[in-house]
Amino acid sequence: MRKVEKGDQVQVHYTGTFPEGEMFDSSEGRGPLSFEVGSGQMIPGFDAAVLGMAVGEKKKFTLPPEEAYGPHNPELVAVYEKSLFPEGMELEEGMILESRMEDGTVIPIRIAGIDGEDVTVDANFPMAGKTLVFDIELVAIS
């Protein structure tokens, strides 16, 4: 039976949860996720987990932050005064805003907290620093 190798195009059904069991994403009700193994399209640990799998095989694996979206970088967290935000903007914790860098690049930032006139923003990817658990089933190799 053929097994997944680097460079193969694969399709997998998956459910992603945090270690406590809370689901953060799933292909349930949608088509399978399709990607080229080893191309950098997927987080490193997910990419590595499908290597050697055969069609129909199921696997459950846990990825530490270093094999997923990386560690949370405290240098990407900053506190700004509310007065620096557009007048009348209703700021809420969890809100995603866009910030334009000096080179013109736009990055998403999340409001991590509001304390009086101080607004804490976090430019880390929301899943940075998190351990992820995946249940996958390989449905196709091409």
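Please read all numbers here as calculations on a predicted model, not as lab measurements.

### What about the overall build of the protein chain?
So, step 1. Along the backbone of the protein chain there are one helix and nine strands.
So, step 2. Ordered by position in the sequence, the α and β elements of the protein chain form the string β-β-β-α-β-β-β-β-β-β.
So, step 3. By its C-alpha atoms, the protein chain is 65 × 35 × 25 Å across when sized along the principal axes.
So, step 4. Scored against the burial criterion, the 142 residues of the protein chain give a buried share of 31%.
So, step 5. Pairs at least 24 residues apart make up 62% of the contacts formed inside the protein chain by residues separated by at least 6 positions.
So, step 6. Carbon together with sulfur atoms contributes 50% to the accessible area of the protein chain, which is approximately 8,900 Å² in total.
So, step 7. Between the mean site of the 11 positive side-chain charges and the mean site of the 26 negative ones, the protein chain shows a separation of 11 Å.

### Thoughts on the sheet that holds strand S7 (residues 106-115)
So, step 1. As summarised here, the arrangement of the four strands in space is S5-S8-S7-S6, forming an open sheet in which the pairing is antiparallel. Only two strands of the sheet have a single neighbouring strand rather than two, namely strand S5 (77-81) and strand S6 (96-100). When the angles between neighbouring strand axes are averaged without regard to direction, this sheet yields 40°.
So, step 2. Across five bridges, S5 lies against strand S8 (residues 118-122) in antiparallel orientation. In the sheet register, Val 79 faces S8, and the bridge partner there is Thr 120.

### Description of the domain arrangement of the protein chain
So, step 1. According to the domain assignment, the protein chain consists of domain 1 (3-70 + 128-141) and domain 2 (74-122).
So, step 2. Look at where the C-alpha atoms of domain 1 and domain 2 centre, and you get two points 32 Å apart.

### Comments concerning the side chain of Asn 124
So, step 1. Looking at the secondary structure, you find Asn 124 in the loop between S8 and strand S9 (132-141).
So, step 2. Here the side chain of Asn 124 touches His 72 through a polar contact of 3.1 Å, side chain to side chain.

### Concerning the packing of aromatic side chains
So, step 1. Taken as a whole and judged by the stated rule, the model has eight aromatic pairs.
So, step 2. Considering the side-chain rings of Phe 24 and Phe 134, the 5.8 Å spacing of their centres and the 90° angle between planes classify their relative orientation as edge-to-face. Here Phe 24, found in strand S2 (residues 23-26), pairs with Phe 134, found in strand S9; they are 110 residues apart in sequence, far enough to count as distant.
So, step 3. With relative accessibility at 27%, the residue Phe 24 sits in the partly exposed group.
So, step 4. Look at Phe 134 and you get buried, because its relative accessible area is 5%.
So, step 5. Relative to Phe 125, the ring of Tyr 69 lies with its centre 4.5 Å away and its plane at 25°, an arrangement referred to as stacked. Separated by 56 residues along the polypeptide, Tyr 69 in the loop between strand S4 (58-63) and S5 and Phe 125 in the loop between S8 and S9 bring together distant segments of the chain.
So, step 6. Classification of Phe 125 as partly exposed rests on a relative accessible area of 45%.
So, step 7. Three or more aromatic residues joined by ring pairs form one cluster here, namely Tyr 14, Phe 18, Phe 24, Phe 35, Phe 46, Phe 61 and Phe 134.
So, step 8. The ring of Phe 18 is capped by Lys 130, whose NZ or CZ atom sits 5.7 Å from the centre of that ring.

### Here's the deal with the UniProt feature "domain: PPIase FKBP-type" (unreviewed entry) in the protein chain
So, step 1. Following the UniProt record, one finds the feature "domain: PPIase FKBP-type" (unreviewed entry) at residues 7-101.
So, step 2. Structurally, residues 7-101 comprises 7% helix and 35% strand, and the distance from its first C-alpha atom to its last is 35 Å.

Reading guide: rules and limits
- Residues numbered from 1 in each chain as written.
- Predicted model: local features only at pLDDT ≥ 70, side-chain atom pairs only at ≥ 80, totals over all residues.
- Heavy atoms only, no water.
- Helix = DSSP H or I, 4+ residues; strand = E, 2+ residues; numbered from the N terminus.
- Buried < 20%, exposed > 50% of the residue type's maximum accessible area, 1.4 Å probe, protein only.
- Contact = heavy atoms within 4.5 Å.
- Areas by Shrake-Rupley, 256 points an atom, 1.4 Å probe, with all protein chains shown as cover.
- Lys, Arg positive; Asp, Glu negative; His and termini not counted.
- Charge placed at Lys NZ, Arg CZ, Asp CG, Glu CD.
- Pairing = 2+ DSSP bridges.
- Axes fitted to C-alpha atoms, helices over the stretch in contact; angles between N-to-C directions.
- Domains from an automatic or database assignment.
- Polar contact = N/O pair within 3.5 Å; in protein donor to acceptor, adjacent residues only side chain to side chain.
- Phe/Tyr/Trp six-rings, centres within 6.5 Å; stacked < 30°, edge-to-face > 60°.
- Lys NZ or Arg CZ within 6 Å of the ring centre and 35° of its normal.
- UniProt positions renumbered as here; feature names shortened; annotations may be inferred.

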